[in-house]
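The primary structure of each chain is shown beneath.
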2 protein chains.
Amino acid sequence: MTSPVGLHRVLAPAGVLPQAAQRLDVRPEVGADEVRIAVERLNLDAASFRQLWEKHGGDGAAVRAEVLEIVARRGKMHNPVTGSGGMLIGTVDEVGPESPLGLKPGDRVATLVSLTLTPLHISQTSWDGRGEQVPCVGHAILFARSVAAVLPDDLDPRLALAVLDVCGAPALTARVVRAGAAVAVLGAAGKSGSLSLAAARAAGAARTTGVVRDEAEAALLRGAGLADRVVVADARDPVAVAAAVGEPVDVTVVCVDVPGCEHGAILATAAGGTVVFFSMATSFAAAALGAEGLAADVTMLVGNGYVPGHAGYALDLVREVPGVRRLFAGRLGT
Amino acid sequence: MTSPVGLHRVLAPAGVLPQAAQRLDVRPEVGADEVRIAVERLNLDAASFRQLWEKHGGDGAAVRAEVLEIVARRGKMHNPVTGSGGMLIGTVDEVGPESPLGLKPGDRVATLVSLTLTPLHISQTSWDGRGEQVPCVGHAILFARSVAAVLPDDLDPRLALAVLDVCGAPALTARVVRAGAAVAVLGAAGKSGSLSLAAARAAGAARTTGVVRDEAEAALLRGAGLADRVVVADARDPVAVAAAVGEPVDVTVVCVDVPGCEHGAILATAAGGTVVFFSMATSFAAAALGAEGLAADVTMLVGNGYVPGHAGYALDLVREVPGVRRLFAGRLGT
């Protein structure tokens, strides 16, 4: 019997959910409520790719070898250091008779649940290890309680994949931002950052500040017209972030995929405000103890990647906000 | 010139806040807005003590040696593995002329900012390394933006210290719980757990469930009368937690100081509900990816140890709810 959350695919240790598992069962036969995807491409989580890239000093072959080793050993792409994965794109190959996901064979889909809990087998790849997108051949399994989005016809699949990978961020930002709020986004020229800025404005933010790491990013973001103000600061330097943001804001959104950004976000946020952490490099203890140590009365949210309607919301932002689309296109080289 | 958040006490690395520092300056001379405390006792964070205890296989002398080594090397009690510290009790020794904390020499106080950012020097201790409370002689420094509570006359200082150590939990629980809500607390017979249960009921929760790890804890909690229902489950086993809680609740409060409790809390919480993580053993990535992987539309809060009025609120709960006081007294052996 299969479990809607995939317990039957956990090989070790016994009784944990697939995300917590050391190893998953990648057998291609689908259970009654499962779906098998013929994989085309992985999109590695930015924090995960950065960690691997830095560990191997920019040696693409070594990055590639480690990713393939992880997938072969664990039956999923789950970076043991960052704890993060990414997502994938592919074509529906077989649908169990009781799957509730509404997919049919031939649908081109992106999975919106993390690779850290998705059974995955890679049989071959032409990837050079030098970027987050991993073209490959293989298969993956979806459970009854997985989430997948059929790729839209009107957007380049690489663009759609990059947007869907971070689609929880704009949806949650839109939920948190009240009309008239002042909002700061750290890492504002990146994928989740630019979408979050657009979402904040769509939700009625009165004042948006984009914080970026250097002048090149600042020029990109100014060109996109997504923020009322663009400032440069190292997000790991709390004093610099607070000075750059100026008057503390109601909502701070953290989209910088490097460790050590918790304190700057807290210092930049007004008493009674909210910090939303989307970076997988966030340290729970640094956030909790940082706010306490600064006597900062701020609400801190763990950025949940699932918000109902998140995929459609993010794709609509890309369709309707030219600045977001330009930033994504620039990053993807499309 | 001194900084209200203590930047002037950071020795390495340069430019970070005291909590992120490797090493703090413990010189006893106070700056214009600083306060020096003559230390009597530390209360180590539960996750930190547990990690040290398990690492050294219950060898108190080794635990003691490592704590003293950390404090001597870092100028603060900051466990490098758990990232957590604890708090301390002492008597105000000297107050800089510009300190805004309202303290005066001779006040008996507890610090409500973490030991991970408090300059601390220990000159001697009679501690045997076998419990979280560390009697010692030494000094500590408070900054302008620190928080300290004068100890109440009507409560045993050990009881007050234990309550103040976790006083953020009941205050934040009271803020999150709406009248009529169903609330589950994981680790409900512990210090922050029992206070959170009492806070949930005081905030108008219609149904409270206490989840504990074994029958002994269950008997304790039933005797205290703090929960409408007491159930036994291993908080690290998501399936067991969800089964024990039954119908998903509006608010789940996590007070279990062991890793791996994120998924059970998420599974136990209804769509649209809230999970509050108070345990320093919480993994940010496990929470974020767990909710996403379970397609769980839940709001997840990082338990901020600072909420205005938290100390008075928690002490009042202990005064007014006999069950809470009995549980604390039992744990402290008073």
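Residues numbered from 1 in each chain as written. Chains lettered and ligands numbered in written order. Predicted model: local features only at pLDDT ≥ 70, side-chain atom pairs only at ≥ 80, totals over all residues. Heavy atoms only, no water.

- In the nomenclature of an unreviewed UniProt entry, chain A corresponds to L-erythro-3,5-diaminohexanoate dehydrogenase from the organism Phytohabitans kaempferiae.

1. A word on the overall build of chain A
Now for step 1: What chain A contains, in helices and strands, is 11 helices and 14 strands.
Now for step 2: Its C-alpha atoms give chain A a radius of gyration of 20 Å, within 12% of the compact-globule value 20 Å for 334 residues.
Now for step 3: In terms of its C-alpha atoms, chain A occupies a principal-axis envelope of roughly 55 × 40 × 40 Å.
Now for step 4: The proportion of buried residues among the 334 residues of chain A is 61%.
Now for step 5: In chain A, the share of contacts with a sequence separation of at least 24, taken over all contacts with a separation of at least 6, comes to 69%.
Now for step 6: A total accessible area of about 11,800 Å² is found for chain A, and carbon and sulfur atoms account for 52% of it.
Now for step 7: Averaging the coordinates of the 29 positive side-chain charges in chain A and doing the same for the 34 negative ones gives two points 2 Å apart. (Helix = DSSP H or I, 4+ residues; strand = E, 2+ residues; numbered from the N terminus. Rg over C-alpha atoms; globule rule 2.2 N^0.38 Å. Buried < 20%, exposed > 50% of the residue type's maximum accessible area, 1.4 Å probe, protein only. Contact = heavy atoms within 4.5 Å. Areas by Shrake-Rupley, 256 points an atom, 1.4 Å probe, with all protein chains shown as cover. Lys, Arg positive; Asp, Glu negative; His and termini not counted. Charge placed at Lys NZ, Arg CZ, Asp CG, Glu CD.)

2. So, the side chain of B:Ser84
Now for step 1: Checked against the element boundaries, B:Ser84 lands in the loop between helix H2 (60-74) and strand S4 (86-95).
Now for step 2: Assessed through its relative accessible area of 1%, B:Ser84 is described here as buried.
Now for step 3: Of the polar contacts made by the side chain of B:Ser84, one reaches the side chain of B:Asp45; its length is 2.7 Å.
Now for step 4: Beyond its immediate sequence surroundings of up to four residues, B:Ser84 is in contact with A:Leu289, B:Asp45, B:Ala47, B:Ser48, B:Met77, B:His78, B:Asn79, B:Thr116 and B:Met280. (Polar contact = N/O pair within 3.5 Å; in protein donor to acceptor, adjacent residues only side chain to side chain.)

3. As for the packing of helix H3 (residues 157-165) of chain A against helix H11 (residues 322-332) of chain A
Residue and element names in this part refer to chain A.
Now for step 1: Following both chains from N to C, one finds H3 and H11 inclined at 110 degrees, their axes separated by 10 Å at the closest point. One finds that H3 runs roughly perpendicular with respect to H11. Together, Arg158, Leu159, Ala162 and Val163 of H3 and Arg325, Phe328 and Leu332 of H11 make up the contact between the two elements.
Now for step 2: The class makeup of the residues in the contact of H3 with H11 is five nonpolar, no polar and two charged. (Axes fitted to C-alpha atoms, helices over the stretch in contact; angles between N-to-C directions. Parallel < 35°, antiparallel > 145°, perpendicular 65-115°, else oblique. Nonpolar A, V, L, I, M, F, W, Y, C, P; charged D, E, K, R; others polar.)

4. Things to note about the relation of the copies chain A and chain B
Each of the two chain copies can be brought onto the other by rotation about an axis and movement along it.
Now for step 1: Superposing chain A onto chain B takes a rotation of 180 degrees plus a shift of 0.0 Å along the axis, which leaves an RMSD of 0.0 Å. The symmetry that links the two subunits is that of a two-fold axis.
Now for step 2: A share of 100% of the interface residues of chain A reappears at the interface of chain B, consistent with the copies meeting face to face through the same patch. (Least-squares fit on C-alpha atoms with pLDDT ≥ 70 in both.)

5. Observations concerning H11(A)
Residues and elements named next belong to chain A.
Now for step 1: Within H11 the residues assigned to the buried category are Gly323, Val324, Leu327, Phe328 and Leu332. For H11, the angular spread of buried residues about the axis comes to 165 degrees, placing them on one side. Residues of H11 that are exposed and point more than 90 degrees away from the buried face comprise Pro322, Arg326 and Gly330.
Now for step 2: If you follow the buried residues of H11, they end up packed against strand S7 (133-142), H3, helix H5 (191-202), helix H6 (215-224) and helix H10 (310-320).
Now for step 3: Of the residues flanking the end of H11, it is glycine 333, one or two places downstream, whose phi is positive at about 70 degrees. (Arc of directions from axis to C-beta.)

6. Topic: helix H1 (residues 46-55) of chain B
Turn by turn, an α-helix covers 3.6 residues, leaving residues three or four places apart pointing in a common direction.
Residue and element names in this part refer to chain B.
Now for step 1: For H1, every residue scored as buried is listed here: Ala47, Ser48, Phe49, Gln51 and Leu52.
Now for step 2: Near the N-terminus of H1, the side chain that reaches the backbone nitrogen of alanine 47, with its oxygen 3.0 Å away, is that of aspartate 45.
Now for step 3: Glycine 57 lies just past H1 and shows a positive phi near 55 degrees.

7. Observations regarding the pattern of salt bridges
Now for step 1: Inspection of every chain in the model, using the stated rule, returns 38 salt bridges over all chains.
Now for step 2: Where A:Glu69 meets A:Arg73, a salt bridge forms, and the shortest distance between an N and an O atom there is 2.6 Å. With A:Glu69 and A:Arg73 both in helix H2 (residues 60-74) and four residues apart, this pair spans about one turn of that helix.
Now for step 3: Under the relative-accessibility criterion, A:Arg73 is labelled partly exposed at 41%.
Now for step 4: Of the charged contacts, one joins B:Asp214 and B:Arg213 as a salt bridge, the two residues approaching to 3.7 Å between their closest N and O atoms.
Now for step 5: Under the relative-accessibility criterion, B:Asp214 is labelled partly exposed at 29%.
Now for step 6: By relative accessible area, B:Arg213 is classed as exposed at 59%.
Now for step 7: Bridged by salt links that share partners, the residues A:Arg36, A:Asp93 and A:Glu94 form one connected network. (Salt bridge = Lys/Arg side-chain N within 4 Å of Asp/Glu carboxyl O.)

8. Some remarks on the state of the cysteines
Residues and elements named next belong to chain B.
Now for step 1: Under the defined criterion, the tally for this structure stands at zero disulfides over all chains.
Now for step 2: Unpaired in terms of disulfides, cysteine 167 finds its nearest cysteine sulfur in cysteine 255, a separation of 13 Å.
Now for step 3: Take cysteine 167: its relative accessible area is 1%, and that puts it in the buried class. (Disulfide = S-S within 2.5 Å.)

9. Let's talk about the pairing of strand S7 (residues 133-142) of chain B
Residue and element names in this part refer to chain B.
Now for step 1: Burial analysis of S7 places eight of its 10 residues in the buried class, the great majority of the element.
Now for step 2: Note: strand S3 (residues 35-44) against S7, eight bridges, orientation antiparallel. Looking at S7, one finds that valine 39 is bridged to glycine 138.
Now for step 3: In this structure, strand S6 (residues 120-125) lies alongside S7, joined through five bridges in antiparallel fashion. Residue pairing in the sheet places leucine 120 in a bridge with alanine 140 of S7. (Pairing = 2+ DSSP bridges.)

10. Here's the deal with the interface of chain A and chain B
Now for step 1: Across the contact, 50 residues belong to chain A and 50 residues belong to chain B.
Now for step 2: Buried surface at the junction of chain A and chain B, both sides included, amounts to about 4,200 Å², of which 66% is carbon and sulfur.
Now for step 3: The largest contributions to the chain A side of the interface with chain B come from A:Phe284, A:Glu292 and A:Val302, which together make up 18% of the buried area.
Now for step 4: Between B:Arg175 and A:Asp297 there is a salt bridge; the shortest N-O distance is 3.0 Å.
Now for step 5: Remark: the boundary between chain A and chain B carries 14 residue pairs in polar contact (both at pLDDT 80 or more). (Buried area = accessible area lost by both parts, 1.4 Å probe.)

11. Some remarks on the sheet that holds S7(B)
Residues and elements named next belong to chain B.
Now for step 1: A sheet is described by the order of its strands in space; here six strands give the open sequence S6-S7-S3-S4-S5-S8, paired in antiparallel fashion. In this open sheet, the two strands that pair with only one neighbour each are S6 and strand S8 (148-150). Neighbour-to-neighbour, the strand axes of this sheet turn through a mean angle of 30 degrees, independent of strand direction.
Now for step 2: Sheet analysis places S4 next to strand S5 (residues 108-111), joined by three bridges and oriented antiparallel. Across the sheet, residue glycine 90 finds its bridge partner in S5, namely valine 109.

12. Here's the deal with the packing of aromatic side chains
All names here are of chain A.
Now for step 1: By the definition in use, this model includes two aromatic pairs over all chains.
Now for step 2: Consider the rings of phenylalanine 49 and tryptophan 53, whose centres lie 5.7 Å apart with planes at 25 degrees: the pair is stacked. Placement of the pair is phenylalanine 49 and tryptophan 53 together in helix H1 (residues 46-55), with a separation of four residues, close to one helical turn.
Now for step 3: Residue phenylalanine 49 is classed as buried on the basis of its relative accessible area, which comes to 9%. (Phe/Tyr/Trp six-rings, centres within 6.5 Å; stacked < 30°, edge-to-face > 60°.)

13. Here's the deal with the nonpolar core
Now for step 1: Counting residues in each nonpolar core, the largest one holds 118 residues, and the members touching the most others are A:Leu164, A:Val183, A:Leu221, B:Leu164, B:Val183 and B:Leu221.
Now for step 2: Each residue touching B:Leu164, except ones within four places of it in the same chain, is listed here: B:Met87, B:Ala110, B:Leu112, B:Ala149, B:Leu151, B:Ala311 and B:Leu315.
Now for step 3: Residues A:Ala235, B:Ala47, B:Leu186 and B:Ala265 belong to the second largest nonpolar core, which totals 73 residues. (Core = buried A, V, L, I, M, F, W, Y, C linked by side-chain atoms within 4.5 Å.)

14. Side note on the UniProt feature "domain: L-erythro-3,5-diaminohexanoate dehydrogenase N-terminal" (unreviewed entry) in chain A
Now for step 1: Following the UniProt record, the feature "domain: L-erythro-3,5-diaminohexanoate dehydrogenase N-terminal" (unreviewed entry) maps to residues 8-152 of chain A here.
Now for step 2: Annotation note: span residues 8-152 of chain A, helix share 17%, strand share 33%, distance between end C-alpha atoms 32 Å. (UniProt positions renumbered as here; feature names shortened; annotations may be inferred.)

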